[in-house]
Amino acid sequence: MRTALVRRAVLTASGLSFSLLATACGPSGDADGAAGSKPSAAAPSPSPTPEAKALGAAELEKLTLADGDVPGVKTEKAGADDVAKTAEVTTDKAACQPIAQAGGLAPVGKAVTTTERIAATVPADEAGLKSMSVTSVQLASYDGKGAEEALASLKAAGEACAGGFVTTVKGEKTRIKAVAPAPVTAGDDAAGWAITAEDEGEDLHSRMVAFRKGNNLVVIHTFRFDTKPDVPQAFIDAQLKKLG
């Protein structure tokens, strides 16, 4: 959804020039090429109670994906330009706000603490640039049932915004043409969507997955430049492993 984020992430991961990246952005962009939507082996955790407390920043950081947790990609902390504040995300349809916030790496709902990572495959040369995948991962922790409420809001937004909407994130306007359900199984509860955006006259495809583990919510948003996205299962599995 954030095409500028995708471009910056690719530049960070590949070290290639912007001119090479601009060439790669011609065809439709999509997502991570991991396995299909197989159920995760992670055991369900109890539903959060009203007394549940969010993890602190240091605790959450320990549970956040690090470079090497997902094989074959370079994982780095998202830059300040990549992470939006809630106030920096607007939409032309209020019902679509949660999906827009997730796409802009802004907290969904009443998150107390969050961490954000950007991961990208690293091409061996210029010829491999179009086959890159770029994935953002946000881990958020909530008090009480905040994670359940945030995931519920994402599910509702996915249904309400199937026909698309327009979002502006940090001053960058993007037209989302379609939000289609793409079921996934992960954690205690999960939802997924195949998203089609418009980027300079071309369709830009991505895959978004949101899942809850206890009172923590994970949003994974993945793009790929050469084919439509699949479920980012490697990221789901790696994040669930760290959450325990």
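Residues numbered from 1 in each chain as written. Predicted model: local features only at pLDDT ≥ 70, side-chain atom pairs only at ≥ 80, totals over all residues. Heavy atoms only, no water.

### What to know about the overall build of the chain
Secondary structure assignment for the chain yields 6 helices and 9 strands. Counting over 244 residues, the chain shows a buried share of 52%. Contacts spanning at least 24 positions in sequence make up 69% of the contacts within the chain whose residues lie at least 6 apart. Surface summary for the chain: the accessible area is close to 10100 Å², and the carbon and sulfur share equals 54%. (Helix = DSSP H or I, 4+ residues; strand = E, 2+ residues; numbered from the N terminus. Buried < 20%, exposed > 50% of the residue type's maximum accessible area, 1.4 Å probe, protein only. Contact = heavy atoms within 4.5 Å. Areas by Shrake-Rupley, 256 points an atom, 1.4 Å probe, with all protein chains shown as cover.)

### Some details on the state of the cysteines
As enumerated under the stated definition, the model contains 1 disulfide in all. Here Cys96 engages in a disulfide with Cys161; their sulfurs sit 1.9 Å apart. Here the disulfide of Cys96 and Cys161 is left-handed, its torsion about the S-S bond being about -110°. Here the residue Cys96 occupies a position in the loop between strand E2 (89-91) and helix H4 (97-103), and Cys161 occupies one in the loop between helix H5 (146-160) and strand E5 (165-169), the gap between them amounting to 65 residues. Residue classification places Cys96 among the buried positions, given a relative accessible area of 0%. (Disulfide = S-S within 2.5 Å.)

### Topic: the confidence of the model for the chain
On average, residues of the chain score 83 in pLDDT, and 79% of them reach the 70 mark or higher. Counted against residues more than four places away or in other chains, residues 12-42, with its pLDDT under 50, gives 97 contacts. (pLDDT = per-residue confidence, 0-100.)

### With respect to the pattern of salt bridges
A side chain with one charge may pair with a side chain of the opposite charge, provided their charged atoms come close. Enumeration over the complete set of coordinates arrives at 10 salt bridges. Of the charged contacts, one joins Glu148 and Lys145 as a salt bridge, the two residues approaching to 3.9 Å between their closest N and O atoms. On the accessibility criterion, Lys145 (33% relative accessible area) is partly exposed. It is possible to trace a salt-bridge network through shared partners that takes in Lys145, Glu148, Asp188 and Arg212. (Salt bridge = Lys/Arg side-chain N within 4 Å of Asp/Glu carboxyl O.)

### Focus: helix H6 (residues 233-243)
Along an α-helix, residues three or four positions apart point the same way, because every turn accommodates 3.6 residues. Among all positions of H6, only Gln233, Phe235, Ile236, Ala238, Gln239, Leu240 and Leu243 are buried. In this structure, the buried side of H6 is in contact with strand E3 (113-120), strand E4 (133-141), strand E8 (202-213) and strand E9 (216-224). A positive backbone phi angle near 85° is found at Gly244, which sits one or two residues after H6.

### Brief notes about the nonpolar core
Grouped together as the largest cluster of nonpolar side chains are 30 residues, with contacts concentrated most on Leu154, Phe165, Trp193 and Leu217. Contributions of two or more residues to this core are made by H4, H5, E5, strand E6 (172-181), strand E7 (189-199), E8 and E9. The element that contributes the greatest number of residues to this core is H5, accounting for 5 residues. By size, the runner-up hydrophobic cluster in this structure holds 21 residues, among which are Leu65, Val70, Val231 and Phe235. (Core = buried A, V, L, I, M, F, W, Y, C linked by side-chain atoms within 4.5 Å.)

### With respect to the sheet that holds E6
Strands in a sheet are paired, the pairing made by backbone hydrogen bonds, and the direction either parallel or antiparallel. Ordered by their spatial adjacency, 9 strands build an open sheet running E1-E3-E4-E9-E8-E7-E6-E5-E2, and the pairing between neighbours is antiparallel. Lying at the two open borders of the sheet, with one neighbouring strand each, are strand E1 (74-77) and E2. Taking the axes of each pair of neighbouring strands and ignoring which way they run, one obtains an average angle of 25° across the sheet. Relative to E9, E4 runs antiparallel, the two being bridged by 9 bridges. For Val137, the partnering residue across the bridge sits in E9 and is Ile220. Contacts between H5 and the sheet are confined to E6, E7, E8 and E9, with E7 contributing the most and set at about 45° to the helix. Here H6 sits on the sheet in contact with E3, E4, E8 and E9, set at roughly 25° to E8. (Pairing = 2+ DSSP bridges. Axes fitted to C-alpha atoms, helices over the stretch in contact; angles between N-to-C directions.)

### Considerations on the environment of Val209
When you line up the elements, Val209 lands in strand E8. Residue Val209 is classed as buried on the basis of its relative accessible area of 1%. Sequence spacing of Val209 and Gly192 is 17 residues, and the spatial spacing of their C-alpha atoms is 4.3 Å. Residue contacts for Val209: discarding those within four places in its chain leaves Val184, Ala191, Gly192, Val218, Val219, Ile220, Pro232 and Ile236.

### Overview of the pairing of E3
When you tally the buried positions in E3, you get 7 out of 8 residues, the bulk of the element. One ladder, built from 4 bridges, connects E1 with E3; its direction is antiparallel. Across the sheet, the residue bridging to Lys74 is Ala120, located in E3. Note: E3 against E4, 8 bridges, orientation antiparallel. Bridge pairing in E4 links Thr113 to Ser141.

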